[in-house]
Amino acid sequence: SVTDAQGASDVFPTVIIEAMAAARPVVSTRLAGIPESVVHGETGLLVPPEDTMALAEALGQLIEDVKLRLHYGRAGRARIEQHFRIEHTVAPLIELLQKTPGASTKSTERRASHSEGATREHQIAYIIDRWPDRDLPLLERELEEMKRRHVPIVAIVCELNSHARYTRAMEKMAPSLEFLPDQMVIEAEWRANQALAQKLEEDRAQQSVRAPSAIFLRQARFALALAKLQKNVSHVHATSSGALVCALILKKLLNVTVSATIEARPALPREWIQNALSECVGGRLRDRQLVRGEWFL
């Protein structure tokens with residue numbers, strides 16, 4: 001397993017569980033949930049992603065040592081039996097589902113009370129392309145300030161940066177963030193809506209200044225997934241130039257207003273940013289030369 005160009009990787013490869021269940025020795029990489037099943041030096045061997053020399057050495061070690069192969073295979077099978085049997089893994093899910101009726105009743109009661117009173121307050125969606133992001137050092141402080149001022153925002157992370165080191169502020173903020181599904185789910189949603197996907201790509205083709213294809217297709221997938229979320233959103237704030245691509249697509253899909261924060265080193269060309277900002281109702285810029293206008297802070 002490796003991390004691809006978009007930062008995605010296998011979360012918990014089924015093939016590893018199947019190999020261990022078949023008492024086969026496993027060599028894999030230290031990514032995501034793999035170390036939960038493959039315990040280095042006990043049930044198999046783990047190497048750094050994309051380290052070809054380490055991978056070759058691990059394979060060579062198993063090829064040359066029959067007893068080690070058998071030991072890892074048996075230990076792997078024992079670990080599967082102990083921790084990954086369906087009877088064990090399904091129990092927490094059953095418990096969660098059994099709690100659902102009560103939760104649904106409470107939700108129904110809350111919805112009923114809202115319908116009797118005033119219309120629900122509209123929310124502001126804060127679109128975060130990737131989190132944590134070292135290019136957005138003040139994001140956690142900004143969200144905390146919004147919360148303190150009772151601004152009705154919902155902060156949505158499009159992609160989790162699993163390799164980043166978390167500060168105390170990040171750990172404190174994490175429970176209040178919402179995260180899009182993993183890449184496989186987002187890709188499935190994109191493929192299931194081919195007509196809309198084609199329409200978005202045709203709209204991009206007609207633009208005189210276009211976002212780079214790779215960035216556009218990534219953000220378009222996020223936008224399609226976000227559009228499915230019923231958050232009663234009336235305004236979208238993009239926390240970076242990349243997220244602004246997503247926000248402008250949501251503007252078309254959901255008829256919302258958009259604002260943006262443009263980072264010091266934007267991921268998109270200056271000319272595209274200038275055109276995109278003309279569709280925003282406001283925002284914040286690190287480089288004031290990107291646009292002329294008193295309404296940008």
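Each remark here, short or long, concerns the structure printed above.
Here is a short report on the structure shown in this document.

Reading the values: the criteria
Residues numbered from 1 in each chain as written. Predicted model: local features only at pLDDT ≥ 70, side-chain atom pairs only at ≥ 80, totals over all residues. Heavy atoms only, no water. Salt bridge = Lys/Arg side-chain N within 4 Å of Asp/Glu carboxyl O. Helix = DSSP H or I, 4+ residues; strand = E, 2+ residues; numbered from the N terminus. Buried < 20%, exposed > 50% of the residue type's maximum accessible area, 1.4 Å probe, protein only. Axes fitted to C-alpha atoms, helices over the stretch in contact; angles between N-to-C directions. Parallel < 35°, antiparallel > 145°, perpendicular 65-115°, else oblique. Left-handed = near helix turned anticlockwise from the far one by under 90°. Contact = heavy atoms within 4.5 Å. Patch = residues over 30% accessible without salt bridge, like charges linked within 9 Å, V, L, I, M, F, W, Y side chains within 5 Å. Areas by Shrake-Rupley, 256 points an atom, 1.4 Å probe, with all protein chains shown as cover. Pairing = 2+ DSSP bridges. Core = buried A, V, L, I, M, F, W, Y, C linked by side-chain atoms within 4.5 Å. Lys, Arg positive; Asp, Glu negative; His and termini not counted. Phe/Tyr/Trp six-rings, centres within 6.5 Å; stacked < 30°, edge-to-face > 60°. Nonpolar A, V, L, I, M, F, W, Y, C, P; charged D, E, K, R; others polar. Expected span 1.5 Å × (residues − 1). Arc of directions from axis to C-beta.

As enumerated under the stated definition, the model contains 10 salt bridges in all. D203 is the partner of K199 in a salt bridge, and the nearest nitrogen-oxygen pair spans 3.0 Å. Taken together, the residues span about one helical turn, with K199 and D203 both in helix α9 (residues 194-205) at a distance of four residues. Note on D203: relative accessible area 17%, which makes it buried. Here K251 and E279 are joined by a salt bridge, their closest N and O atoms 3.8 Å apart. Taken as a pair, K251 in helix α11 (residues 241-254) and E279 in the loop between α12 (270-277) and β8 (282-285) lie far apart in primary sequence, 28 residues in all. Judged by relative accessible area, which is 37%, E279 ranks as partly exposed.

Attention now moves to the packing of α11 against α12. As a packed pair, α11 and α12 sit with axes 11 Å apart at the nearest point and diverge in direction by 45°. Taken together, the axes of α11 and α12 are oblique relative to one another. As α11 runs across α12, the sense of the crossing is left-handed. Residues S241, L244, V245 and L248 of α11 lie in contact with α12, whose contacting residues are W272, I273, A276 and L277.

With that out of the way, let us pick up a nonpolar patch on the surface. On the surface, a nonpolar cluster with roughly 280 Å² of combined accessible area is contributed by L55, L59 and I63. For I63, the location among the structural elements is in helix α3 (residues 52-64). A relative accessible area of 65% means that I63 is categorised as exposed.

With respect to topology, six strands assemble into an open sheet ordered β5-β4-β3-β6-β7-β8, the strand pairing being parallel. Every other strand in the sheet has two partners, leaving β5 (178-179) and β8 as the edge strands with one partner each. Each of β3 (123-131), β4 (153-160), β6 (233-238) and β8 touches helix α6 (residues 139-148); the most contacted strand, β3, lies at about 165° to it.

Core analysis: the largest hydrophobic core is formed by 41 residues, its most contacted members being I127, L180, L226, L244, L250, W272 and L277. In this view, L244 contacts A238, V258, A260, I262, W272, A276, L277 and C280; residues no more than four positions away in its chain are not counted. Of all hydrophobic cores here, the second largest spans 11 residues; its members include I128, W131, L139 and M173.

Secondary-structure assignment places E140 in helix α6. The buried charged residue E140 lacks any salt bridge partner; its closest oppositely charged side chain belongs to R141, at an N-O distance of 8.2 Å. With near-sequence residues (within four places) excluded, E140 lies in contact with W131, A169, M170 and M173.

Let us now look at the packing of aromatic side chains. Applying the stated criterion to the full structure yields two aromatic pairs. Taken together, the ring pairs in this structure connect W131, Y166 and F179 into an aromatic cluster.

The relative placement of two packed helices comes down to the angle between their axes together with the axis-to-axis distance. Contact geometry of helix α8 (residues 183-192) with helix α10 (residues 213-227) gives a least axis separation of 9 Å together with a crossing angle of 85°. Classified by the interaxial angle, the pair formed by α8 and α10 is roughly perpendicular. Within the contact between the two elements, α8 uses Q183, I186, E187, E189 and W190 and α10 uses L217, A220, R221, F222, L224 and A225. The residue makeup of the contact of α8 with α10, split by class, is seven nonpolar, one polar and three charged.

So, about helix α4 (residues 66-83). The terminal C-alpha atoms of α4 lie 26 Å apart, and with 18 residues this matches the ideal 26 Å at 1.5 Å per residue to within 8%. Taken residue by residue, α4 has L68, Y72, G73, G76 and I80 as its buried positions. Taken around the axis of α4, the buried residues stretch over an arc of 135°, which confines them to a single face. For α4, the exposed residues lying more than 90 degrees away from the buried face are K67, R74 and Q82. For α4, the secondary structure elements touched by its buried residues are α1 (14-21), β2 (44-47) and α3.

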